[in-house]
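# Tertiary structure, described
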Amino acid sequence: MSFFLTGFADEISTDPDEQIETLKKAGMNYVELRGVNGKNILDMSDDQALAFKSKLDKAEISVSSIGSPIGKVQIQSDLTTHMNLFRVALERAKMFCTPYIRVFSFYYEGTRPDLCREEVITFFRQMLYEARVAGCVLLHENERHIYGETPSRCLDLMETLNSPMLKLAFDPANFVQAGIDPLVDAWPILKHHTAYFHIKDAIAKNGRVVPAGCGDGGLTKILQQATANNFAGFLSIEPHLKPDDPDYGGSGPDRFLTAVQALRLLLDQIGATESFNSPPPVI
C-alpha cells in the first residue's frame, strides 16, 4: 500500500511563503497545519486563516490534519474554555477540508494518571460527540507526561471510548523519550488503532531527536508491518531537529529537507511506495 507524506511546516519557518516554498521543494502536496506567522492556527482570525488557505490552494497543497494543541493542558485547567477552543479546531478542519484533528489527553501534574482518568474520558466523550456531528476524526498523539503517554493508557482510551471518530497518531520518538520501546511495547497493541504517523526518531540513551531510521524508534520494522497490514495513510514529518545539531542541524528548511530525505530513504529500503494521487481513505 502507499504512504502519503505530510509534515509540520511551522518547523520550516514562521513565514507562510517559506513554508510553501520548502514543501514544494520537497515535492510534498500536504501539510499538517499547526502554526503560521508565529500563531497557532486556532489563535488566528478567520480572515488570517483564509488568507493562508488561499496561498495553499494556489500552491495545490492540501491539509492532512489540524495539528491542534487540544488536550495539551493540565487536566485541572478551565476545560469549559478549552472545549470552546476545540470548537474552533472543528471550524478550522471544515475550513481546510480535512477530516483529522490532532489532540492530546492532558497533563496530570500534581496527581496520578489513574486519578484523573475519569476526567479525561469525560472530556473526550464531549469532544467525540461534537466531532461526530462535524464529521471529524480525532487523532490522539502519545506525548510524554499526558494520560496517554504509555501504550496501555493509549489502548485504554481507544477501548473505553470505542469510537470510529477516535484513532491514534503514532509517534515513535515520543515513546522512546518516555522510556518505551515502540516496536516491542507499543506497536503490537496499538497498530489496529493507528490511522496516522508522526515521523521523528529518537535515541534511547539521551532522548536526542534524529531523522527517521537513525534512532531507536523501530520505524523501519513498524512501517514494514504497517505496509503488510495494508495501511494507506499519512506519514507526517515532525523534524524536531535542533539548529545546532552537529549531524542534522542548519536552517529550518535544511532540517525539514533532511527529515524528508531520511524518511524517503527508509521507505525505499522497505520497498514502500509514496503516493501523490488522491488523498488516502479516512481510516
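Preceding this section is the structure that the text describes.
These lines cover the structure that appears in this document, whether it is placed above or below. On a predicted model such as this, the values are computed, not experimentally measured, just so you know.

### Side note on the pattern of salt bridges
- This structure, assessed with the given rule, holds 18 salt bridges.
- Across the pair Glu11 and Arg34 runs a salt bridge whose closest N-O atoms are separated by 3.4 Å. In this pair, Glu11 is assigned in the loop between β1 (2-7) and α1 (16-25) and Arg34 in the loop between β2 (30-33) and β3 (35-36), connecting sequence segments 23 residues apart. The same class applies to Glu11 and to Arg34, which are both buried.
- Between Asp46 and Arg92 there is a salt bridge, with the nearest N and O atoms lying 2.9 Å from each other. Placement of the pair is Asp46 in helix α2 (residues 46-59) and Arg92 in helix α3 (residues 79-95), with a sequence separation of 46 residues.

### What to know about the packing of aromatic side chains
- Counting across every chain of the model gives 12 aromatic pairs.
- Ring geometry for Phe170 against Trp187: centres 5.4 Å apart, planes inclined by 85 degrees, an arrangement best described as edge-to-face. You can see Phe170 sitting in strand β8 (residues 166-170) and its partner Trp187 sitting in helix α7 (residues 182-190), a full 17 residues away along the chain.
- Grouping aromatic residues by their ring pairs yields a cluster made of Phe3, Phe170, Phe175, Trp187, Phe197 and Phe231.

### So, the nonpolar core
- Membership of the largest hydrophobic core comes to 87 residues, with the highest contact counts inside it found for Phe96, Phe197 and Leu223.
- For this core, the element with the most residues is helix α4 (residues 113-134), which contributes eight residues.
- Core analysis: the second largest hydrophobic core is formed by five residues, Ile203, Val209, Val210 and Tyr248 among them.

### Topic: the side chain of Ser65
- Mapping Ser65 onto the fold places it in strand β5 (residues 62-66).
- We classify Ser65 as buried; its relative accessible area is 0%.

About the thresholds
- Residues numbered from 1 in each chain as written.
- Predicted model: local features only at pLDDT ≥ 70, side-chain atom pairs only at ≥ 80, totals over all residues.
- Heavy atoms only, no water.
- Salt bridge = Lys/Arg side-chain N within 4 Å of Asp/Glu carboxyl O.
- Helix = DSSP H or I, 4+ residues; strand = E, 2+ residues; numbered from the N terminus.
- Buried < 20%, exposed > 50% of the residue type's maximum accessible area, 1.4 Å probe, protein only.
- Phe/Tyr/Trp six-rings, centres within 6.5 Å; stacked < 30°, edge-to-face > 60°.
- Core = buried A, V, L, I, M, F, W, Y, C linked by side-chain atoms within 4.5 Å.

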